[in-house]
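Here's the letter readout for the chains.
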Amino acid sequence: MPKSVAQLTGILVTAIVTFGTDLDLTYAMLLGVGAGALATFFVSLSEAKRAMMEE
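To keep things clear, this report deals only with the structure shown in the data block. Position numbers for residues count from 1 along each chain, tracking the sequence in the order it is written. Restriction of local features to residues with pLDDT of at least 70 applies here, the model being predicted, together with a cutoff of 80 or more for giving and counting side-chain atom pairs; totals for whole chains, interfaces and linings are based on all residues. Hydrogens and water are ignored here; the side-chain numbers use all heavy atoms of the structure.

**Description of the overall build of the protein**
Right, so step 1: Numbering of helices and strands runs from the N terminus; a helix is a DSSP stretch of H or I covering at least four residues, while a strand is a stretch of E covering at least two. Scanning the protein from N- to C-terminus turns up two helices and zero strands.
Right, so step 2: Using a 1.4 Å probe on the protein chains alone, a residue whose accessible area is under 20% of its type maximum counts as buried, one over 50% counts as exposed, and one in between counts as partly exposed. The proportion of buried residues among the 55 residues of the protein is 16%.
Right, so step 3: The Shrake-Rupley method, run with a 1.4 Å probe sphere, supplies the accessible areas, and residue values consider only the shown protein chains as cover. Per element, the accessible surface of the protein, about 4400 Å² overall, is 71% carbon and sulfur.

**A short note on the packing of aromatic side chains**
Right, so step 1: Centres within 6.5 Å are what make two rings of Phe, Tyr or Trp a pair, Trp counting through its six-membered ring; a difference in plane orientation under 30 degrees is then read as stacked, over 60 as edge-to-face, and the rest as tilted. Applying the stated criterion across every chain, the model contains one aromatic pair.
Right, so step 2: Ring centres of Phe41 and Phe42 lie 5.4 Å apart, and the angle between their planes is 65°; this geometry places the pair in the edge-to-face category.
Right, so step 3: A relative accessible area of 47% places Phe41 in the partly exposed class.
Right, so step 4: Residue class for Phe42 comes out partly exposed when judged on its relative accessible area of 47%.

**What about helix H2 (residues 25-54)?**
Right, so step 1: With 30 residues, H2 extends 43 Å between its outermost C-alpha atoms, agreeing within 8% with the 44 Å of an ideal straight helix rising 1.5 Å per residue.
Right, so step 2: Within the span of H2, buried status applies to Ala28, Gly32, Gly36, Ala39 and Val43. Expected helix span is given by 1.5 Å per residue-to-residue step, counting one fewer step than there are residues.

**What about a nonpolar patch on the surface?**
Right, so step 1: Taken together, Leu38, Phe41, Phe42 and Leu45 make up a surface patch of nonpolar side chains, about 420 Å² in accessible area.
Right, so step 2: Take Phe41: it is sitting in helix H2. Each patch is assembled from residues with relative accessible area greater than 30% and no salt bridge, linking like charges that lie within 9 Å and nonpolar side chains (Val, Leu, Ile, Met, Phe, Trp, Tyr) that lie within 5 Å. The salt bridge criterion pairs a side-chain nitrogen of Lys or Arg with a carboxyl oxygen of Asp or Glu, the two atoms within 4 Å.

**A few points about the environment of Leu30**
Right, so step 1: Its place among the elements puts Leu30 in helix H2.
Right, so step 2: Looking at Leu30, the relative accessible area reads 56%, which means it is exposed.
Right, so step 3: Taking the C-alpha atoms as reference points, Leu30 and Thr14, 16 residues apart in sequence, are found 8.5 Å from one another.

Here it is in structure tokens:
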């Protein structure tokens, strides 16, 4: 998964939570940042796995 897709996912999750529920904006931003962090973690994990397979 490319990093641009991970970043887009974080933005979309933030937008959905912000405009789709009655949660406070603080909670929405925290969820968005958390989703972006998880996506970045999984991207890094897959890149490390790919680098190990190439060696």
